[in-house]
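Structure at a glance
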Amino acid sequence: MWVGRHEKLKLAIKHAMVAAGLPVTDALRLPGVNPHNICNRGRLGMGVQLEISLGMRQQLFAHLARLQRNRVTPFFSAFVLALQRVINGVCRRDPP
């Protein structure tokens, strides 16, 4: 689930996650569109905040204990790379 004001980026992330076979949901109750929300306070005045479920976090890290979260899984690397590609592709086209 994600929240924020950057609709184009949210949609691009959703498509990338669906293409990767990951479940996605839209935030209906707390959409995070307030301009004072931390994810909307960048230079564009809009952003995206991902809410990652416990099940997903268990796939990303070898262990969820705070001191062991530096041990990531191959899934983590693929997830981060997919997000970086989407963000770079969408944000390069947005005006400053």
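Heads up: the structure comes first, above all this text.
This report concerns the structure included in the present document. (Residues numbered from 1 in each chain as written. Predicted model: local features only at pLDDT ≥ 70, side-chain atom pairs only at ≥ 80, totals over all residues. Heavy atoms only, no water.)

1. With respect to the environment of Gly-47
Looking at the element boundaries, Gly-47 is found in the loop between helix 1 (7-19) and strand 2 (49-50). The spatial distance from the C-alpha of Gly-47 to the C-alpha of Gly-89 is 14 Å, given a sequence separation of 42 residues. In this structure, Gly-47 is in contact with Val-3, Gly-4, Arg-5, His-6, Cys-39 and Asn-40, ignoring residues within four places of it in sequence. (Helix = DSSP H or I, 4+ residues; strand = E, 2+ residues; numbered from the N terminus. Contact = heavy atoms within 4.5 Å.)

2. A few points about the packing of aromatic side chains
Aromatic rings considered in pairs are described by the distance between their centres and by the relative angle of their planes. Going through the model one piece at a time under the given rule, you end up with two aromatic pairs. Consider the rings of Phe-61 and Phe-76, whose centres lie 5.6 Å apart with planes at 50°: the pair is tilted. Separated by 15 residues along the polypeptide, Phe-61 in the loop between helix 2 (54-60) and helix 3 (74-91) and Phe-76 in helix 3 bring together distant segments of the chain. Judged by centre distance (6.4 Å) and plane angle (20°), the ring pair of Phe-75 and Phe-79 falls under stacked. Highlighted residues: Phe-75 and Phe-79, both in helix 3, separated by four residues, approximately one helical turn. Exposure remark for Phe-75: the relative accessible area of 26% places this residue in the partly exposed category. (Phe/Tyr/Trp six-rings, centres within 6.5 Å; stacked < 30°, edge-to-face > 60°. Buried < 20%, exposed > 50% of the residue type's maximum accessible area, 1.4 Å probe, protein only.)

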